[in-house]
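Structural description and commentary
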Amino acid sequence: AQSVAQPEDQVNVAEGNPLTVKCTYSVSGNPYLFWYVQYPNRGLQFLLKYITGDNLVKGSYGFEAEFNKSQTSFHLKKPSALVSDSALYFCAVRDKYNFNKFYFGSGTKLNVKP
Amino acid sequence: DTAVSQTPKYLVTQMGNDKSIKCEQNLGHDTMYWYKQDSKKFLKIMFSYNNKELIINETVPNRFSPKSPDKAHLNLHINSLELGDSAVYFCASSQPSGGGLYEQFFGPGTRLTVL
């Protein structure tokens, strides 16, 4: 079955420190991977996506993600966290056969403390 | 301008009632979706339409019926509401490109509470 997993329900980091939000995928072949962010009482917002090419993908708000095929991972990273980055983060993968279907992870709550 | 809008934002109703949620996108996208986010924030796709044609219909009770009068609108009607229907429902849209490599734009959500 195709899926993504976010092993951490919550990540706590101090402002100014680097952050990592983990995501692993289970898709055969080449996956199409996405990260979204959800602020309280808001809809999801697109951050970045991996299609092909460079394993390091840069996205909105200074976020980046590293695709690692051998570890089947697509971790979200930011060199220096801001308090305003506190939100719920979702990893998603596109269905290999149905281009309109996406599977979302369970979400990881990021808490950035001053 | 709001790209993807939903009405109402909050919906509180009694069990057994019928209710509708409306969604509109002004992005010119061909594909629209309905997602359900439960109390644990788990997000699951329910339906997807491409240019008014139903293309994804997940394992959803027949009480849920989507309707797309045109490609800019996708409504969700729910009959005989049950307690378990309480959730946040998100509408989303996207524009297919070569290889289907597109992201989705989400509405603000409709929080449905069934009493």
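This text follows the structure it describes.
In this text the structure is predicted, and so the values were computed from the model without any measurement.

Cut-offs and rules
- Residues numbered from 1 in each chain as written.
- Chains lettered and ligands numbered in written order.
- Predicted model: local features only at pLDDT ≥ 70, side-chain atom pairs only at ≥ 80, totals over all residues.
- Heavy atoms only, no water.
- Helix = DSSP H or I, 4+ residues; strand = E, 2+ residues; numbered from the N terminus.
- Rg over C-alpha atoms; globule rule 2.2 N^0.38 Å.
- Buried < 20%, exposed > 50% of the residue type's maximum accessible area, 1.4 Å probe, protein only.
- Contact = heavy atoms within 4.5 Å.
- Areas by Shrake-Rupley, 256 points an atom, 1.4 Å probe, with all protein chains shown as cover.
- Lys, Arg positive; Asp, Glu negative; His and termini not counted.
- Charge placed at Lys NZ, Arg CZ, Asp CG, Glu CD.
- Core = buried A, V, L, I, M, F, W, Y, C linked by side-chain atoms within 4.5 Å.
- Salt bridge = Lys/Arg side-chain N within 4 Å of Asp/Glu carboxyl O.
- Phe/Tyr/Trp six-rings, centres within 6.5 Å; stacked < 30°, edge-to-face > 60°.

This part takes up the overall build of chain A. Across its full length, chain A holds 0 helices and 12 strands. Listed N to C, the secondary structure of chain A is β-β-β-β-β-β-β-β-β-β-β-β in terms of helices and strands. By the compact-globule yardstick of 13 Å for 114 residues, chain A fits well, its C-alpha radius of gyration being 13 Å. With respect to the principal axes defined by its C-alpha atoms, chain A has extents near 45 × 30 × 20 Å. Relative to its 114 residues, chain A shows a buried fraction of 47%. A separation of at least 24 residues holds for 55% of the contacts in chain A among residues at least 6 apart in sequence. For chain A, the exposed area adds up to about 5,400 Å²; of that, 49% sits on carbon and sulfur atoms. For chain A, the separation between the mean place of its 12 positive charges and that of its 8 negative charges on side chains is 5 Å.

All names here are of chain A. Ranked by size, the top nonpolar core spans 27 residues in total, and within it L33, W35, L47, L48, F74, L76 and Y89 carry the most contacts. When contributions to this core are tallied by element, the ones reaching two or more residues are β2 (10-14), β3 (19-21), β5 (33-38), β6 (44-50), β8 (64-68), β9 (73-78), β10 (87-94) and β12 (108-113). Here the element with the most residues in this core is β10; it accounts for 4 residues. Not counting chain neighbours up to four residues away, the residues in contact with L47 comprise W35, Y36, V37, G59, S60, Y61, F63, L76 and Y89.

All names here are of chain B. Tallied over the entire structure, the rule returns 8 salt bridges over all chains. E82 serves as the salt-bridge partner of R63, at 3.5 Å between the closest nitrogen and oxygen. Residue R63 is found in the loop between β6 (53-57) and β7 (64-70), and its partner E82 is found in the loop between β8 (73-78) and β9 (87-94); the two are separated by 19 residues along the sequence. Put simply, R63 and D85 hold a salt bridge, and the shortest N to O gap is 2.8 Å. Of this pair, R63 sits in the loop between β6 and β7 while D85 sits in the loop between β8 and β9, and the two are 22 residues apart along the sequence.

Summed over the entire model, instances satisfying the criterion amount to 16 aromatic pairs over all chains. Where Y50(A) meets F74(A), the ring centres are 6.3 Å apart and the plane angle is 55°; that geometry is what we call tilted. Of the two residues, Y50(A) is situated in strand β6 and F74(A) in strand β9; the sequence distance between them amounts to 24 residues. According to the relative accessible area criterion, Y50(A) is buried, its value standing at 7%. Judged by relative accessible area, which is 0%, F74(A) ranks as buried. Between F64(B) and Y89(B) the ring centres are 6.3 Å apart and the planes differ by 35°, which places this aromatic pair in the tilted class. A residue pair is termed long-range when its members are at least 10 positions apart, and F64(B) in strand β7 and Y89(B) in strand β9 qualify at 25 residues. Among the aromatic residues, those joined into a ring-pair cluster are F34(A), Y36(A), F46(A), F90(A), F102(A), F104(A), Y33(B), Y35(B), F90(B) and F106(B).

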